[in-house]
Amino acid sequence: MSLITGILSISAPLLLASMAALISELSGCMALFLDGLINLCAFLCFAFTVHTNSVYLGIALSASVSTVFIITMAFVIEKLNANRFLAALAINLLCSALCSTLSSIIFKTRGVLTATTFVFPAIQTRFVTSISAYLVVTVLCLFLKFTKTGLYIRICGSDAQVLHAKGTDVTKIRLIAWGIAGLAGAFAGCILSLRISSFVPNISSGIGWTALAVVFLGKKNTAAIVSAVLIFAAAQYGSNNIQNIAALKSIPSAVLLSLPYFCSLLLILIFPQIQPAELLQKIQHFRHQKSQRT
């Protein structure tokens, strides 16, 4: 696997999770439920695929159940006027509990799950899931930028009163945003389980939490978020392959595997004040000066 394809492959599930976190954040709620949801969806993908003997049905049912579940939770939260921050944390814990409980009931174990009907070719699966993830992310970006509902979602978190004054149902917009976030998170979970042809407890490995950090690092700007995901994926790719270097074999593997997290922390510390709009203006100004010189 080449450097570029390796980085793009690693970035796919994190990019989906980051878009889910972004859409939820724009609507006015931090997606603290995301990590648990990814784990639950990975399990549901495995369970539905095994019981239907169809990976397409497994993905579709997992995504549908996850979306309905998140929308239902969001509806209850809105109707009860509950604290969204605490409610999202509670959903995260509920997802983890459901994952463990369902695994115990259906498969009589809470450990690793494998099945002969859930085995896929590694290279082909990584290629197809990567392409699919980037297509979904592209559609979501276009949805946010060019549709009326996307505009309302972007307004909802910061200026909900504007939507109220316009007569728009803010609760409905939040439900749509949470539903889309649940759908994107479901696809991320499915990708993780499909790539290893099994389900492993805590399969997300913190991708949901990393996605929240990426949204913060990218200042809620789509282009900046994609760039941050690619940087993180590059660091992840490096940490996965740096262990093969003979000169670094004396360094504990735990230190090498933590390099992506150190990379994210350094980016947050070094560039805390740079706003995406300011950066874009500087780039455009530089290009304008360069064109005048030529």
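Since this is a predicted model, take the numbers as computed values, not measurements.

**Student:** Before we move on, could you go through the overall build of the protein chain and cite the residues and values that matter?
**Tutor:** Assigned secondary structure in the protein chain consists of 13 helices and zero strands. Put simply, the protein chain runs from its N terminus to its C terminus through helices and strands in the order α-α-α-α-α-α-α-α-α-α-α-α-α. When each of the 294 residues of the protein chain is scored for burial, the buried share is 42%. Across the protein chain, the fraction of contacts at a sequence separation of at least 24, relative to all contacts at a separation of at least 6, is 76%. When the accessible surface of the protein chain is totalled, it reaches about 15300 Å², and 68% of it is carbon and sulfur.

**Student:** Any details on helix 3 (residues 55-80)? Residues and values, ideally.
**Tutor:** When the terminal C-alpha atoms of helix 3 are compared, their 37 Å separation across 26 residues agrees well with the 38 Å that a helix rising 1.5 Å per residue should span. All of the buried residues along helix 3 are Val-55, Gly-58, Ser-62, Ala-63, Ser-66, Thr-67, Phe-69, Ile-70, Ala-74, Ile-77 and Glu-78. Lining the buried residues of helix 3 we find helix 2 (34-52), helix 4 (84-107) and helix 8 (170-196).

**Student:** Any chance you could break down the side chain of Arg-174 for me, citing the residues and the numbers?
**Tutor:** One can find Arg-174 in helix 8. A relative accessible area of 14% places Arg-174 in the buried class. Not counting chain neighbours up to four residues away, the residues in contact with Arg-174 comprise Ser-27, Glu-78, Arg-84, Cys-156 and Ala-160.

**Student:** Please set out the confidence of the model for the protein chain residue by residue, giving values where relevant.
**Tutor:** Low-pLDDT portions of the prediction should not be read for the details of their coordinates. A residue-level look at the protein chain finds 81% of positions with pLDDT of 70 or above and a mean pLDDT of 84. Note that pLDDT drops below 50 for residues 273-280; the model gives that stretch eight contacts with residues more than four away or on any other chain.

**Student:** Let's hear about the nonpolar core: which residues, and what values?
**Tutor:** Most often, soluble globular proteins have nonpolar side chains that are buried together. Core analysis: the biggest nonpolar cluster contains 73 residues, and Phe-33, Leu-34, Ile-91, Ile-153, Trp-178 and Phe-199 have the highest contact counts within it. The leading source of residues in this core is helix 8, at 14 residues. Setting aside residues up to four positions removed in sequence, Phe-33 forms contacts with Ser-24, Ile-70, Ala-88, Ile-91, Asn-92, Trp-178 and Ala-181.

Rules used in this analysis
Residues numbered from 1 in each chain as written. Predicted model: local features only at pLDDT ≥ 70, side-chain atom pairs only at ≥ 80, totals over all residues. Heavy atoms only, no water. Helix = DSSP H or I, 4+ residues; strand = E, 2+ residues; numbered from the N terminus. Buried < 20%, exposed > 50% of the residue type's maximum accessible area, 1.4 Å probe, protein only. Contact = heavy atoms within 4.5 Å. Areas by Shrake-Rupley, 256 points an atom, 1.4 Å probe, with all protein chains shown as cover. Expected span 1.5 Å × (residues − 1). pLDDT = per-residue confidence, 0-100. Core = buried A, V, L, I, M, F, W, Y, C linked by side-chain atoms within 4.5 Å.

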